[in-house]
Amino acid sequence: MTEKITGAEAMMRALENEGVDILFGYPGGSIMPTYDALYDHKKTLNHILVRHEQGAVHAAQGYARVSGKVGCAIVTSGPGATNTVTGIADAMIDSTPMVVICGQVGVAMLGTDAFQEVDVVGVTSPISKWSYQIRRAEDIAWAVSRAFYIARSGRPGPVVLDFAKNAQTGMVDFEPAKVDFIRSYEPEPDVEMTDIERAAKMINNSVKPFVLVGQGVELGNAREELRAFLEKADIPCGTTFLGLSAIPSDHYLNMGILGMHGNLGPNVMTNQCDLLIAIGMRFDDRVTGNLATYAKQAKIIHFDIDQAEFNKNVPVDLTVLGNCKKTLPAVTNLLDDAKHTSWIDGFKPYAEKEYYKVIDKALHPTEGPLLMGEVIRKVSEAANNEGVMVTDVGQNQLMACRYFKFTKPRSVVTSGGLGTMGFGLPAAIGATFGAPDRTVCLFVGDGGLQMTIQELGTIMEQGAPVKIVLLNNNFLGNVRQWQEMFFAHRYSFTPMLNPNYELIAKGYGIPSKTVIERADLDAAIQEMLATPGPYLLQCAIKEEDNVLPMTPPGANIDEMLLEI
């Protein structure tokens, strides 16, 4: 027997039916009926009040990335909805499952330029997997179930529900819905055994194979399948930034990071291998460098769940469509037990060269100001290399990806494809709710922190145990580095006049400390990690600390600069 309830109450029950237990949001006029219904569901739906709608979507992203669940954000119409656009676009390009519920004016007011009316579906359709306007209370159960199914299935991504006010206040005989099939939408295609057999044959015949590991391995929960695949065929691999924790940092087949600010060996050997095997990655331009010279000597196999990625940037010889949780074991079963000792040994001279020219200097300076690399590595080691690394965007991000170490899955929360400054702080808040038993370490620059600094209020209210490591160099550091390298040291509007961050932290009741001298760093890190709840550790970083190696824009991927 059904029960007649308001659409707002139906939304709450539909969310509960999808297993939602946490919402990040900010109320307003057009979503007020839903917030009124939420008042009666506080025991089952934990609502986290952020300080800006952008914070809600980034927090939902951080939650989703570490938990593997669908993040959920709820905001009002108009500016509330448009403030989520950056996070939706970020989630789309980084394949983060998220449902964003936006309030909307009543159907009778649509198209009248009513107060806080925006065409949310029109704005968000190009940057989401699905964007839908709920105009009737009768459609809520179906729309919510469909939204979560689309967000979490196949290649994950964001979904937007534009929730008209009359649908919130209207009455409906509510029945939970279960959408698990959509005509013309095939989230996990059937595995083609002919492609599996061809892939295995190519790998078995290869003398110098190399694997590119992307975030698709994490999204497919295929970490162990990847490891079995690599170890049976004895194939070295490199990772994208988002794929970093798909394989332990210290695994003997993990040769390091791919791309512009990756490691020397993986980039050079990309252009020396005879078989390139891409798994769950999209050949981003920061990974490939100059496409005209990228891996032209190699045969290429591309494993991916999204057919649209095949041959989009790099022409390949074989595509293997499907979830790598299924396709990798199928190929592994057909592989020969192999040894590629001499090929793997070929990475060592490049690793030694990079260590001598770059890494040792970044991790073990004996004089001068603090460097980003040494701070990040010490934090990682103090957390037993088991922490969740969250970054903002810029030098803090590039250095953190290079020098933080990983032993556990789902340990990377960073804005990859969109490169969103301001992402870090709210994403770290979400990560503390998604992985409450883990240490969440946020590395952020002085520029990015100020973009969403108001979320310190969310941390204060929730006691979210974010360990904030502020790498303060008084610059917009990444832009400054490019200005140094390519614009004759003309630092046009990149120096930053910064506030007193310790006083700001104090205002929010967050313990803090500033470290200037190297001798004080270890003790300060230990104090940060030992302090319950949130902590802000500000490190005074060398102003012209640069991220190296670097492949200059437009250059071949193996033409890496080790010094400036």
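Right above here is the structure, for reference.
Let me sum up the structure you'll find in this document. For clarity, every value in this text was computed on a predicted model and none was experimentally measured. (Residues numbered from 1 in each chain as written. Predicted model: local features only at pLDDT ≥ 70, side-chain atom pairs only at ≥ 80, totals over all residues. Heavy atoms only, no water.)

Examining the overall build of the protein chain
Helices and strands together make up the secondary structure of the protein chain, namely 24 helices and 20 strands. In summary, the protein chain has a C-alpha radius of gyration of 24 Å against a globular reference of 24 Å for 564 residues, a match within 12%. Its C-alpha atoms put the protein chain at 70 × 60 × 40 Å along the principal axes. Per-residue burial over the protein chain gives 59% buried out of 564 residues. Contacts in the protein chain between residues far apart in sequence, at least 24 positions, make up 76% of those at least 6 positions apart. By element, 52% of the accessible surface of the protein chain is carried by carbon and sulfur atoms, the whole surface being about 22200 Å². (Helix = DSSP H or I, 4+ residues; strand = E, 2+ residues; numbered from the N terminus. Rg over C-alpha atoms; globule rule 2.2 N^0.38 Å. Buried < 20%, exposed > 50% of the residue type's maximum accessible area, 1.4 Å probe, protein only. Contact = heavy atoms within 4.5 Å. Areas by Shrake-Rupley, 256 points an atom, 1.4 Å probe, with all protein chains shown as cover.)

Observations concerning the sheet that holds strand 11 (residues 254-257)
In a beta sheet, neighbouring strands are held together by backbone hydrogen bonds and run either parallel or antiparallel to one another. Taken in spatial order, the 6 strands make up an open sheet running 11-10-9-12-13-14, and their pairing is parallel. Every interior strand has two partners, whereas the edge strands, strand 11 and strand 14 (318-321), have only one. Within this sheet the neighbouring strands show an average axis-to-axis angle of 20°, counted without direction. Taken together, the 5 bridges between strand 9 (residues 209-213) and strand 12 (residues 275-279) define a ladder with parallel strand orientation. When the bridges of strand 12 are listed, Phe210 appears paired with Leu276. (Pairing = 2+ DSSP bridges. Axes fitted to C-alpha atoms, helices over the stretch in contact; angles between N-to-C directions.)

A few points about helix 7 (residues 140-152)
Helix length check: helix 7, at 13 residues, gives a terminal C-alpha distance of 18 Å against a target of 18 Å (1.5 Å per residue), a fit within 8%. Within the sequence span of helix 7, burial applies to Ile140, Ala141, Ala143, Val144, Ser145, Arg146, Ala147, Phe148, Tyr149, Ile150 and Ala151. Of the residues flanking the end of helix 7, it is Gly154, one or two places downstream, whose phi is positive at about 60°. (Expected span 1.5 Å × (residues − 1).)

Some details on the environment of Ile22
Note on placement: Ile22 falls in strand 2 (residues 22-25). Between the C-alpha atom of Ile22 and that of Val70, which follows or precedes it by 48 residues, the distance is 10 Å. The residues contacting Ile22, other than those within four sequence positions of it, are Asn46, Ile48, Tyr63, Cys72 and Phe433.

Structural notes on the packing of helix 3 (residues 53-67) against helix 19 (residues 424-434)
Orientation of helix 3 relative to helix 19, taken along the N-to-C sense of each, is 40°, at an axis distance of 6 Å. Here helix 19 runs oblique to helix 3, going by the angle between their axes. As for how helix 3 packs across helix 19, the hand of that crossing is right-handed. Contacts from Gly55, His58, Ala59, Gly62, Tyr63, Val66 and Ser67 in helix 3 reach Pro426, Ala427, Gly430, Ala431, Phe433 and Gly434 in helix 19. (Parallel < 35°, antiparallel > 145°, perpendicular 65-115°, else oblique. Left-handed = near helix turned anticlockwise from the far one by under 90°.)

Comments concerning the nonpolar core
Judged by nonpolar contacts, the single largest core of 50 residues is most densely connected at Ile203, Phe229, Leu276, Ile279 and Phe283. Of all the elements, strand 12 adds the most residues to this core, at 5 residues. Those residues within four positions of Ile279 in sequence are excluded, and the remaining contacts are Val211, Leu212, Val213, Gly214, Val217, Leu226, Phe229, Phe303, Cys324 and Leu328. By size, the runner-up hydrophobic cluster in this structure holds 43 residues, among which are Val358, Tyr403, Met528 and Leu548. (Core = buried A, V, L, I, M, F, W, Y, C linked by side-chain atoms within 4.5 Å.)

Thoughts on unusual backbone geometry
Omega for the bond connecting Leu548 with Pro549 falls within 30 degrees of zero, at 0°, which places this linkage in the cis form. Assignment of secondary structure puts Pro549 in the segment after strand 20 (535-540). In this model, Gln116 sits at a positive phi of 60°, which is unusual for a non-glycine residue. Within the secondary structure, Gln116 is located in the loop between strand 5 (98-104) and helix 6 (120-124). For Phe493, which is not glycine, the phi dihedral falls at a positive 60°. Within the fold, Phe493 resides in the loop between helix 22 (477-486) and helix 23 (501-507). Look at Phe493 and you get exposed, because its relative accessible area is 78%.

Overview of the pattern of salt bridges
Tallying each qualifying case throughout the model produces 20 salt bridges. Linking Arg51 and Glu461 is a salt bridge whose minimum nitrogen-to-oxygen distance equals 2.8 Å. One end of the pair, Arg51, is in the loop between strand 3 (46-49) and helix 3; the other, Glu461, is in helix 21 (residues 456-462), with 410 residues separating them in the sequence. Across the pair Glu354 and Arg402 runs a salt bridge, and its minimum N-O distance is 2.7 Å. Pair noted here: Glu354 is in helix 16 (residues 348-363) and Arg402 is in helix 18 (residues 395-403), with a separation of 48 residues, a long-range link. (Salt bridge = Lys/Arg side-chain N within 4 Å of Asp/Glu carboxyl O.)

Thoughts on the environment of Val393
Along the chain, the position of Val393 falls in the loop between strand 15 (388-391) and helix 18. Measuring from C-alpha to C-alpha, the distance between Val393 and Met281 comes to 20 Å, with 112 residues separating the pair along the chain.

Observations regarding the packing of aromatic side chains
Per the stated rule, a full pass over the model turns up 13 aromatic pairs. Measuring from centroid to centroid gives 6.1 Å for Phe24 and Phe433, while their planes differ by 75°, and the two rings are edge-to-face. Taken together, the positions of Phe24 in strand 2 and Phe433 in helix 19 put the pair 409 residues apart, joining distant regions of the chain. By relative accessible area, Phe24 is classed as buried at 0%. Relative accessible area serves as the criterion here: at 22%, Phe433 is assigned to the partly exposed category. (Phe/Tyr/Trp six-rings, centres within 6.5 Å; stacked < 30°, edge-to-face > 60°.)

Comments concerning the state of the cysteines
Taken as a whole and judged by the stated rule, the model has 0 disulfides. For Cys72, which is in no disulfide, the shortest distance to another cysteine sulfur is to Cys102 and amounts to 11 Å. You can call Cys72 buried: its relative accessible area is 1%. (Disulfide = S-S within 2.5 Å.)

With respect to the side chain of Gln483
Positionally, Gln483 belongs in helix 22. When its relative accessible area of 8% is taken as the criterion, Gln483 is described as buried. Leaving out residues up to four positions away in the same chain, Gln483 has contacts with Ala488, His489, Arg490, Tyr491, Ser492 and Thr494.

Describing the pairing of strand 7 (residues 158-164)
The buried fraction of strand 7 is high, at 7 of 7 residues. Alternating positions in strand 7 separate into two faces, Pro158, Val160, Asp162 and Ala164 on one and Val159, Leu161 and Phe163 on the other, with burial throughout. Bridge count for strand 5 against strand 7 is 7 bridges, and the pairing is parallel. In the strand pairing of strand 7, Ile101 is matched with Leu161.

Examining the sheet that holds strand 2
The strand order across the open sheet built from 6 strands is 3-2-4-5-7-6, with neighbouring strands paired in parallel fashion. Looking at the sheet topology across the chains shown, the edges are occupied by strand 3 and strand 6 (130-134). Ignoring which end each strand starts from, the neighbouring axes of this sheet average 20° apart. In the packing of helix 7 onto the sheet, the strands contacted are strand 4 (71-75), strand 5, strand 6 and strand 7, and the crossing angle to strand 6 comes to about 170°.

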